[in-house]
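Observations on the three-dimensional arrangement
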Amino acid sequence: MANEAAIINVVARTSLWLQPHRIVLILIALGLVLSAAFFMRWDWLPQYYEMGLIGIWRSLWILAVTCILGFLLAVPLGLAQATGSFWFAAPAKVFCTVIRGTPLLIQLWLLYYGLGSLFPQYPWIRGSWMWPYLRQAWPYGVLALTLSFAGYEGEVMRGAFAGVPKGQLEAARAFGMSRWKAFRRIWLPQAIYRALPTLTGETVLQLKSTPLVATISVIDIFAVSSKVRQDTYLTYEPLLLLALIYMTITGILVFAFGRIEARIPNKIG
Amino acid sequence: MPLLPDLSQACLPPTQPSAVRASNPGATLIDAFLSASAAGIIELLSPNAPGWGGTLLVGLLHSIEIALGATCLGLLIGTCGAYGKLYGGPVVRDLLVVYTTIVRAVPELVLILLLYYAGTDLINQALTAMGYQRVDISGLAAGIAVLGFVQGAYSTEVIRGAILAIPQGQIEAARAYGMSPGLLLRRITLPAMLPFAIPGLANLWLIATKDTALLAVVGFYELALATRQAAGVTKAYFTFFFAAGVLYLLLSLFSNLLIGRVEAWSRRGMPSLKEAR
């Protein structure tokens, strides 16, 4: 019985959503997609799809690494601003303001072209173990994107840390938890719960920032599409496919974060 | 495709002749950087002919123009979009959902390329179909149109939320007084939603000023591209990108000051933010 009711419920909701005008709109969209598939040129796909897959992999890899490292950096930044003394709070505040107040493209170029042109002048840097890495482009891209994520997320974490009710922390102390244990078991998890909805948005924003690394010659999916456009003289096909790829990744990210959010108790504070 | 030329060879050669080669390995980067070029930097950044400060300032002006235009266009699209989403028919609503979802899911860089090529193509095809000559679309207009279209999607959501935050009774009262929809919009809805919309719209303005830098990639002449040119010619990459960063930062901080004033003005007659919390 319950099963039947569930099925009826789903059918009813689907029929509510699938109103006549939506069917027409979906048909029009299908027509557009089909005409794009048939009337545009896609014969370059077999030649480039392997490169494209590597590009997607590289974009996702950069996204994951910069988000994780950036978040690890954002926690102390947020904590310093929420509770630290002036000498901790002020530098963190300045860092967040500078990162949020300047375009990522300028930060990226400052690191890659600016620092990159200063480094080779120093023999001790060129002799060090870091030099093989410093000659490549991707470390600069990862560093710039990490700092940017940390700057934006640090501000979010400041609010999240400040938003955890005092009583929770006092209760933890009253239970005899050490400061570190109270932070680890009470303060940090609740702050992350609070920050999670914005974390979804920040991660999507970070995904949308990754194509900038193509301007410093990292071959991500955006650079692959630029190469296709240069090689084949096609304007729209690679860009449309690129937009579709980014939309798919965004959709997957939003869905995945939604699943994580659904597992978290929603009565906090 | 004006994707930026690969400067990796230019900027990281194995042996670079340099004016500031530090012979002792103990010297720090900052030390050498400051001592070698304090006078040089001022000369490079001076606004007169040998320096490139003037170029940067012109670029900054263009950036501000594009950001202002794009924000105004975005506000227009956003207001219409919010009205369409709230009061439009089912088809308009669904189309607006598609618009805001797609624009917010695709990177700005990709959208800028796509809209720039598609837009100029469409206009030129329309012109040739009507028997006119093809035109070159000015970078300023194209930049404003493209960024405005992107901003429109975000401001649609901001303004929709702000209109929903207006106490429903105010709008009902205006209707009961017999106000026409236009008068209602002008006298009630827009002023009443402003305090709720200002924080979001201020954020969008800051995003717009920073997004103008992306237009450098398609070759519009604004601060980021001007900086690139100056840096490329003089090889003083660090100095110029640092200077551009400072200019953008000053623009953001100055905007923050103004936004604070505007927010206070839009909240006149309401409890101050500190009391409301």
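Residues numbered from 1 in each chain as written. Chains lettered and ligands numbered in written order. Predicted model: local features only at pLDDT ≥ 70, side-chain atom pairs only at ≥ 80, totals over all residues.

A look at the overall build of chain B
Across its full length, chain B holds 11 helices and 0 strands. When the helices and strands of chain B are read in sequence order from the N terminus, they spell out α-α-α-α-α-α-α-α-α-α-α. When each of the 277 residues of chain B is scored for burial, the buried share is 34%. Contacts in chain B between residues at least 24 apart in sequence constitute 72% of all its contacts with a sequence separation of at least 6. (Helix = DSSP H or I, 4+ residues; strand = E, 2+ residues; numbered from the N terminus. Buried ≥ 20, exposed ≤ 12 C-beta atoms within 10 Å, placed from the backbone. Contact = placed C-beta atoms within 7 Å.)

Focus on the overall build of chain A
A count of helical and extended segments in chain A gives 12 helices and 0 strands. Relative to the 2.2 N^0.38 estimate, which gives 18 Å for 269 residues, the radius of gyration of chain A is 24 Å and therefore markedly larger than a compact globule would have. The principal-axis extent of the C-alpha atoms belonging to chain A is close to 75 × 65 × 30 Å. Looking at chain A as a whole, 33% of its 269 residues are labelled buried. (Rg over C-alpha atoms; globule rule 2.2 N^0.38 Å.)

Considering helix α4 (residues 86–101) of chain A
Here α4(A) contains 16 residues, and its C-alpha end-to-end distance of 21 Å stays within 8% of the 22 Å for a straight helix at 1.5 Å per residue. Considered for burial, the residues of α4(A) that qualify are A:Ala92, A:Cys96, A:Ile99 and A:Gly101. Elements that come into contact with the buried residues of α4(A) comprise α3 (45–83) and α8 (138–163) of chain A together with α10 (237–266) of chain B. (Expected span 1.5 Å × (residues − 1).)

Focus: the packing of α4(A) against α8(A)
All names here are of chain A. Running from amino to carboxyl end, α4 crosses α8 at an angle of 115°, the nearest separation of the two axes being 8 Å. Crossing of α4 against α8: the hand is left-handed. Side by side, α4 and α8 meet where Ala-92, Phe-95, Cys-96, Ile-99 and Arg-100 of the first sit next to Leu-147, Ser-148, Gly-151, Tyr-152, Gly-154 and Glu-155 of the second. Class assignment of the residues belonging to the contact of α4 with α8 gives a composition of 6 nonpolar, 3 polar and 2 charged. (Axes fitted to C-alpha atoms, helices over the stretch in contact; angles between N-to-C directions. Left-handed = near helix turned anticlockwise from the far one by under 90°. Nonpolar A, V, L, I, M, F, W, Y, C, P; charged D, E, K, R; others polar.)

Some points on unusual backbone geometry
For A:Tyr233, which is not glycine, the phi torsion reads 60° and is therefore positive. The exposed category is assigned to A:Tyr233, around which 8 C-beta atoms lie within 10 Å. Positive phi, close to 65°, is recorded for B:Lys235, a residue that is not glycine. Here B:Lys235 shows up in the loop between α9 (223–234) and α10. Taking the number of C-beta atoms within 10 Å as the measure of exposure, B:Lys235 has 15 and is therefore partly exposed.

Concerning the domain arrangement of chain A
Along its sequence, chain A is carved into domain 1 (1–39) and domain 2 (43–262). A straight line from the C-alpha centre of domain 1 of chain A to that of domain 2 of chain A covers 36 Å. (Domains from an automatic or database assignment.)

Quick look at the interface of chain B and chain A
Accessible area lost upon the coming together of the parts serves often as the stated size of an interface. On the side of chain A, 41 residues touch chain B, which itself brings 47 residues to the contact. Here the residues of the side of chain B that touches chain A are counted per class, giving 37 nonpolar, 5 polar and 5 charged.

Remarks on the environment of B:Leu109
Of note, B:Leu109 is situated in helix α5 (residues 108–129). When the 24 C-beta atoms within 10 Å are taken as the criterion, B:Leu109 is described as buried. Once the C-alpha coordinates of B:Leu109 and B:Gly54 are considered, the two residues, 55 residues apart in sequence, prove to be 27 Å apart. Other than its neighbours up to four places away in sequence, B:Leu109 contacts A:Pro211, A:Leu212, A:Phe222, B:Leu214 and B:Val217.

Let's talk about α3(A)
Given a rise of 1.5 Å per residue, 39 residues ought to cover 57 Å, and the 54 Å separating the end C-alpha atoms of α3(A) matches this to within 8%. The largest bend along α3(A) reaches roughly 30° and is located at A:Met51. (Bend = angle between axes of the 7 residues up to and from the residue.)

Some words on the confidence of the model for chain B
Residue and element names in this part refer to chain B. Taken as a whole, chain B shows an average pLDDT of 82; of its residues, 82% reach a score of 70 or greater. Mean pLDDT per element in chain B: helix α1 (residues 8–11) is the minimum at 37, and helix α3 (residues 53–87) is the maximum at 93. Confidence drops under a pLDDT of 50 for residues 1–27, and excluding neighbours within four residues, the segment shows 36 contacts in the predicted structure. Scoring of the predicted complex yields 0.84 for pTM and 0.86 for ipTM. (pLDDT = per-residue confidence, 0-100.)

Concerning the packing of α3(B) against helix α4 (residues 90–105) of chain B
All names here are of chain B. Close contact between α3 and α4 brings their axes to 8 Å; oriented N to C, the two are set at 130°. When the interaxial angle is binned, α3 and α4 end up oblique. As for how α3 packs across α4, the hand of that crossing is left-handed. Side by side, α3 and α4 meet where Gly-81, Gly-84 and Lys-85 of the first sit next to Val-92, Arg-93 and Leu-96 of the second. Here the contact of α3 with α4 is built from residues that sort into 2 nonpolar, 2 polar and 2 charged. (Parallel < 35°, antiparallel > 145°, perpendicular 65-115°, else oblique.)

Description of the nonpolar core
If you look at the biggest cluster of nonpolar residues, it comprises 112 residues, and the most contacted ones within it are A:Leu105 and B:Phe241. Among all residues touching A:Leu105, those that are not within four sequence positions of it are A:Leu212, A:Thr215, B:Ala213, B:Leu214, B:Ala216 and B:Ala224. (Core = buried A, V, L, I, M, F, W, Y, C linked by C-beta atoms within 7 Å.)

Remarks on the confidence of the model for chain A
Close reading of the predicted structure is inappropriate where its pLDDT is low. When the pLDDT values of chain A are averaged, the result is 89; 98% of them are 70 or greater. α3(A) holds the highest mean pLDDT among the elements of chain A, 94, whereas helix α6 (residues 123–127) of chain A holds the lowest, 79.

Here we look at the environment of A:Leu234
Residues and elements named next belong to chain A. Among the secondary structure elements, Leu-234 is positioned in the loop between α11 (221–232) and α12 (236–262). A C-alpha to C-alpha distance of 9.6 Å links Leu-234 and Met-40, two positions 194 residues apart in sequence. Ignoring sequence-local partners within four residues, the contact set of Leu-234 consists of Arg-41 and Arg-229.

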